[in-house]
Amino acid sequence: MTLTEFLKKLEKIAPVALSDEFCKKYGMYDNSGIIINASETVNGALFTLDLSSEAVREAVRLGYNLIVTHHPAIYGGISRINSGEPVAQCVKYGVSVISMHLNFDVAPEGIDYHLMRGLGGKDAKILAEIENGGYGRVYGISRVKFEDYITNIKKEFSTDKVIGYGSEEREVNKVASFCGAGCDEKAISFAVSNGADVFVSSDMKHHEICALSEKGVNVIHLTHYSAESYGFNKIYLKIREDLSVPSDYFTDGGLL
């Protein structure tokens, strides 16, 4: 299978053009698609959220010459590359890289969608809509005490790194969630105006947590890794049988 043919299989979930459309509509920037072309053919693929040195070593150990990441292996301009960096290691060992970023975030059954499902939601109102998918969701869940909700999330997302802000005894049944670093003034306004009891995201700033608390909204802070690896792995499990080459999923437990 060629690298381009492999990319087309990934694009059955969400074409790179979806990222371009989302960026154009909402003033974003992305760099998805084939990032490193080190070999024209693919003999095996390792899926992982980030291009890390550990992921490269695992791909080489398995004999795979492709890594598929969510976060772009190269995002902005690069002025220099050192020999020990993951990008240089990929070139050295002949490992290609495909990154599927915003297109996998906003796909109809993409990473933001799977975050909602993991948090107990089904049908949602979407903040930034695009082609039946989008980013940022508000939805109902079965009524639960906040303390118990956090316990459920830790189990579902396989992490103990979950921080909750607000009364543990409060019952909640409406959630606003945003995968990755999704908190800003627009997201807060969207959550509050739609009656969310809980706001869930990652990489949140202190003043944002304070603003939500002032408005009576509880906050759940997930690690960026756990919030997005959850959905990226769901996508991998859905498409792995269609890949036609050996594949595996690599989780960096230290970041989970």
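Because the structure is a prediction, the values reported are computed rather than measured. (Residues numbered from 1 in each chain as written. Predicted model: local features only at pLDDT ≥ 70, side-chain atom pairs only at ≥ 80, totals over all residues. Heavy atoms only, no water.)

Q: Would you take a moment to explain the sheet that holds strand E1 (residues 33-36) for this structure?
A: Sheets are built from strands paired through backbone hydrogen bonds, the pairs being either parallel or antiparallel. Reading across the sheet, the 5 strands line up as E1-E4-E3-E2-E11 and stay open at both edges, with mixed pairing between neighbours. Single-partner strands in this sheet number two, and they are E1 and strand E11 (247-250). Strand after strand, the sheet turns through a mean of 25° between neighbouring axes, direction not considered. (Pairing = 2+ DSSP bridges. Helix = DSSP H or I, 4+ residues; strand = E, 2+ residues; numbered from the N terminus. Axes fitted to C-alpha atoms, helices over the stretch in contact; angles between N-to-C directions.)

Q: Would you explain the sheet that holds strand E5 (residues 124-130) in this entry?
A: Sheet architecture is open: 6 strands sit in the order E5-E6-E8-E9-E10-E7, paired in mixed fashion. The sheet is open, and its two borders are formed by E5 and strand E7 (162-165), each paired with just one other strand. Adjacent strand axes in the sheet meet at a mean angle of 20°, parallel and antiparallel pairs treated alike. Sheet topology places strand E9 (residues 198-202) next to strand E10 (residues 218-222); 5 bridges connect them, and they run parallel. Each residue of the ladder has a partner; that of Val 200, found in E10, is Ile 220.

Q: Whenever I open this one, the side chain of His 101 confuses me. Can you help?
A: Locating His 101 in the fold gives a position in the loop between strand E4 (96-99) and helix H5 (102-106). A polar atom in the side chain of His 101 sits 2.7 Å from the side chain of Asp 30. Non-local contacts of His 101, meaning those with residues more than four positions away in its chain, are made with Asp 30, Ser 32, His 70, His 71, Pro 72 and Tyr 75. (Polar contact = N/O pair within 3.5 Å; in protein donor to acceptor, adjacent residues only side chain to side chain. Contact = heavy atoms within 4.5 Å.)

Q: Looking at this structure, how should I read helix H3 (residues 53-62)?
A: Along an α-helix, a turn takes 3.6 residues, which lines up residues three or four apart on a common side. Regarding H3, the residues found buried are Ala 55, Val 56, Glu 58 and Ala 59. The buried residues of H3 occupy an angular sector of 160° when projected down its axis, which confines them to one face. Looking at H3, the residues exposed on the side facing more than 90 degrees away from the buried face are Arg 57 and Arg 61. Against strand E2 (45-48), strand E3 (66-69), helix H4 (86-93) and E11 lie the buried residues of H3. One or two positions beyond H3, positive phi appears at Gly 63, with a value near 80°. (Buried < 20%, exposed > 50% of the residue type's maximum accessible area, 1.4 Å probe, protein only. Arc of directions from axis to C-beta.)

Q: Sorry, what's going on with the layout of surface pockets here?
A: Over the atoms rolls a probe the size of a water molecule, and its path tells where empty space is left. Looking at the largest pocket, its volume works out to about 490 Å³. Lining the largest pocket are 22 residues, and of these Phe 22, Met 28, Tyr 135, Ala 181 and Asp 184 lie nearest its centre. For the lining of the largest pocket, the elements supplying multiple residues, two or more each, are helix H2 (16-26), H5, E5, helix H8 (185-193) and helix H10 (224-239). For the lining of the largest pocket, the per-class residue count stands at 13 nonpolar, 5 polar and 4 charged. The calculated volume of the second largest pocket comes to roughly 170 Å³. Lining the second largest pocket, in full, are Glu 156, Phe 157, Ser 158, Ser 226, Ser 229, Tyr 230, Asn 233, Lys 234, Tyr 249, Thr 251 and Leu 256. Of the residues forming the lining of the second largest pocket, the biggest block, 5 residues, is contributed by H10. Considering only residue class, the lining of the second largest pocket consists of 4 nonpolar, 5 polar and 2 charged. (1 Å grid on protein atoms, 1.4 Å probe; cavity = no way out; pocket = protein on both sides within 12 Å on 5 of 7 lines; lining within 4 Å. Points joined across faces, edges and corners; volume = space filled by probe spheres on them. Nonpolar A, V, L, I, M, F, W, Y, C, P; charged D, E, K, R; others polar.)

Q: Looking at this model, I keep getting lost on the pairing of E5. Mind explaining?
A: Looking down a regular strand, the side chains alternate between one sheet face and the other. The pairing of E5 with strand E6 (residues 133-145) spans 6 bridges and is antiparallel. In the strand pairing of E6, Lys 125 is matched with Val 138. Connecting E5 to the antiparallel partner E6 that follows it, the hairpin turn spans 2 residues, and Glu 131 within it adopts a positive phi of roughly 40°.

Q: When you look at the packing of aromatic side chains in this model, what are you seeing that I'm missing?
A: Describing an aromatic ring pair means giving the distance of the ring centres and the angle of the ring planes. Tallied over the entire structure, the rule returns 11 aromatic pairs. Where Phe 104 meets Phe 232, the ring centres are 6.1 Å apart and the plane angle is 55°; that geometry is what we call tilted. Highlighted residues: Phe 104 in helix H5 and Phe 232 in helix H10, separated in sequence by 128 residues. Residues Phe 104 and Phe 232 agree in their burial class; the two are buried. Taken together through their ring pairs, the aromatic side chains of Phe 47, Phe 104, Phe 232, Tyr 236 and Tyr 249 make up a single cluster. (Phe/Tyr/Trp six-rings, centres within 6.5 Å; stacked < 30°, edge-to-face > 60°.)

Q: How should the pairing of E3 be read in this particular structure?
A: Residues Leu 66 and Val 68 point to one face of E3 and Ile 67 and Thr 69 to the other, with burial holding for every one of them. For the segment spanning E2, H3 and E3, crossover handedness is right-handed. For the segment spanning E3, H4 and E4, crossover handedness is right-handed. (Right-handed = clockwise from strand over helix to strand, strands pointing away.)

Q: Looking at this structure, I do not really get helix H9 (residues 206-214). What am I missing?
A: Three or more residues of H9 are buried, namely Glu 208, Ile 209 and Leu 212. Viewed end-on, H9 has its buried residues packed into an arc of 100°, placing them on one side of the element. The exposed set on the far side of H9, more than 90 degrees from its buried face, consists of His 206, His 207, Ser 213 and Glu 214. Check the buried side of H9 and you find it contacts E7, H8, E9 and E10. Positive phi appears at Gly 216, one or two residues downstream of H9, with a value of about 80°.

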